[in-house]
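Here is what each chain is made of, one letter per residue.
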2 protein chains.
Amino acid sequence: MQNHEHMFEAFLVKKELKFTLPRKLILSTVFALHEHFDAEQLYDEVRKASRNVSRATVYRTIPLLVEAGLIQKSVRSEARDTYEHIYGHPRHAHWVCRECGGVLETDMQEICKQLQKRAAVQNFEIAEISLEIKGLCWKCRNNATESQ
Amino acid sequence: MQNHEHMFEAFLVKKELKFTLPRKLILSTVFALHEHFDAEQLYDEVRKASRNVSRATVYRTIPLLVEAGLIQKSVRSEARDTYEHIYGHPRHAHWVCRECGGVLETDMQEICKQLQKRAAVQNFEIAEISLEIKGLCWKCRNNATESQ
DNA sequence: CTGCTAATTGAGAATCATTCTCATCAAAGG
DNA sequence: CCTTTGATGAGAATGATTCTCAATTAGCAG
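Below is a summary of the structure that appears in this document. Predicted model, so just to flag it, every value in this text is computed and none were measured.

Quick word on the sheet that holds strand E1 (residues 36-38) of chain B
Residues and elements named next belong to chain B.
- What the three strands build is an open sheet, ordered E1-E3-E2; its pairing is antiparallel. Of all strands in the sheet, those bounded by a partner on one side alone are E1 and strand E2 (71-73). Each neighbouring strand pair of the sheet contributes to a mean axis angle of 35°, computed without reference to strand direction.
- Sheet topology note: the E2/strand E3 (residues 82-85) ladder contains three bridges and is antiparallel. Across the sheet, the residue bridging to Gln72 is Glu84, located in E3.

Thoughts on the pairing of strand E6 (residues 125-136) of chain B
- Among the twelve residues of E6 of chain B, ten are classified as buried, and the element is accordingly described as predominantly covered.
- Direction of pairing for strand E6 (residues 125-136) of chain A relative to E6 of chain B: antiparallel, over a ladder of eleven bridges. Residue pairing in the sheet places Ile129 of chain A in a bridge with Ile133 of chain B of E6 of chain B.
- One ladder, built from four bridges, connects strand E4 (residues 92-97) of chain B with E6 of chain B; its direction is parallel. Paired with Val96 of chain B across the two strands is Lys134 of chain B, which belongs to E6 of chain B.

Regarding the pattern of salt bridges
Residues and elements named next belong to chain B.
- Evaluated as defined, the whole model comprises 16 salt bridges over all chains.
- Close ionic contact of Glu132 with Lys134 constitutes a salt bridge, the shortest N to O distance being 4.0 Å. Here Glu132 matches Lys134 in class, with each residue buried.

A few points about the packing of aromatic side chains
- Evaluation of the coordinates by the stated rule reveals eight aromatic pairs over all chains.
- Ring geometry for Phe8 of chain B against Phe11 of chain B: centres 6.3 Å apart, planes inclined by 5°, an arrangement best described as stacked. With Phe8 of chain B and Phe11 of chain B both in helix H1 (residues 3-14), this residue pair falls three residues apart, about one helical turn. The two residues Phe8 of chain B and Phe11 of chain B agree in class, both being buried.
- Taken together, the ring pairs in this structure connect Phe8, Phe11 and Phe19 of chain A into an aromatic cluster.

Thresholds applied
- Residues numbered from 1 in each chain as written.
- Chains lettered and ligands numbered in written order.
- Predicted model: local features only at pLDDT ≥ 70, side-chain atom pairs only at ≥ 80, totals over all residues.
- Heavy atoms only, no water.
- Pairing = 2+ DSSP bridges.
- Helix = DSSP H or I, 4+ residues; strand = E, 2+ residues; numbered from the N terminus.
- Axes fitted to C-alpha atoms, helices over the stretch in contact; angles between N-to-C directions.
- Buried < 20%, exposed > 50% of the residue type's maximum accessible area, 1.4 Å probe, protein only.
- Salt bridge = Lys/Arg side-chain N within 4 Å of Asp/Glu carboxyl O.
- Phe/Tyr/Trp six-rings, centres within 6.5 Å; stacked < 30°, edge-to-face > 60°.

Next comes the structure, spelled out in structure tokens:
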């Protein structure tokens, strides 16, 4: 049993919820998937392993995974909500280009440290941090100036 | 005419769009509203000024205001998309409590400076910055420990 | 092993914010 | 006052997510 399975099971036990077969399947599928995914992609993958898991259960399990600290919502404002692993992945900022939609990720260890300090002062317990910068990437800036 | 009206008009002219009456109305309503609002609230307010503005036009104008740099999407993951003024408002981080839903705002001038530096290196042109921290506020942490 | 109880599930209907369609209207220049 | 093209209003359509409810399952007690 992998580490994230232990974590999820511990979380469920604490909440007096059951570590059922559908939940096990969804969990292992999430961690077999790319770091970024949406509910529908997850559902498709889960169905490959078992046709007996419904879309509703996938949608119901995602918030549990979020609350357990295993995943969090990722880049926003797309049609579907997207999620990303946070267990075992250092936090990173997302630089989203408004023009081409490309996403660049950069390290944010330093910023996280600053936020942790501020959290201590405010007595706030951090579960998720999302930093998103939108604008124009270098490619689209070049295209914009060329076409003038 | 206020400054944000000049900005919006300049933006529209540059895009070869017209500064029509509905757009003027929506713009002035946005800036008469709280810093945070959603499309429906905006629509309700606009309708108070004129019953001849449709929901569709409100929804169509919001992305223009975003692109013009006057507003941006705010705290996410609520049912409706919410927006906040950015023209004339220093950027701030949102600390969202998962338990009570409360939102605290803190300054992020320092972080913005760091991001500007990194943007210069990447040759990225920043239009929006959103920093959202989710977790438990001090009140809800206290409640949690009491009830154990 | 068997029954009990409450949580969980699957299937599909329901919701509801947002987007789209399309006929009508308005602005700006000639 | 035409003309052309973008803008608008009204309501239909979309589509991700949530809800409903009867059937199933897990965990426990006997």
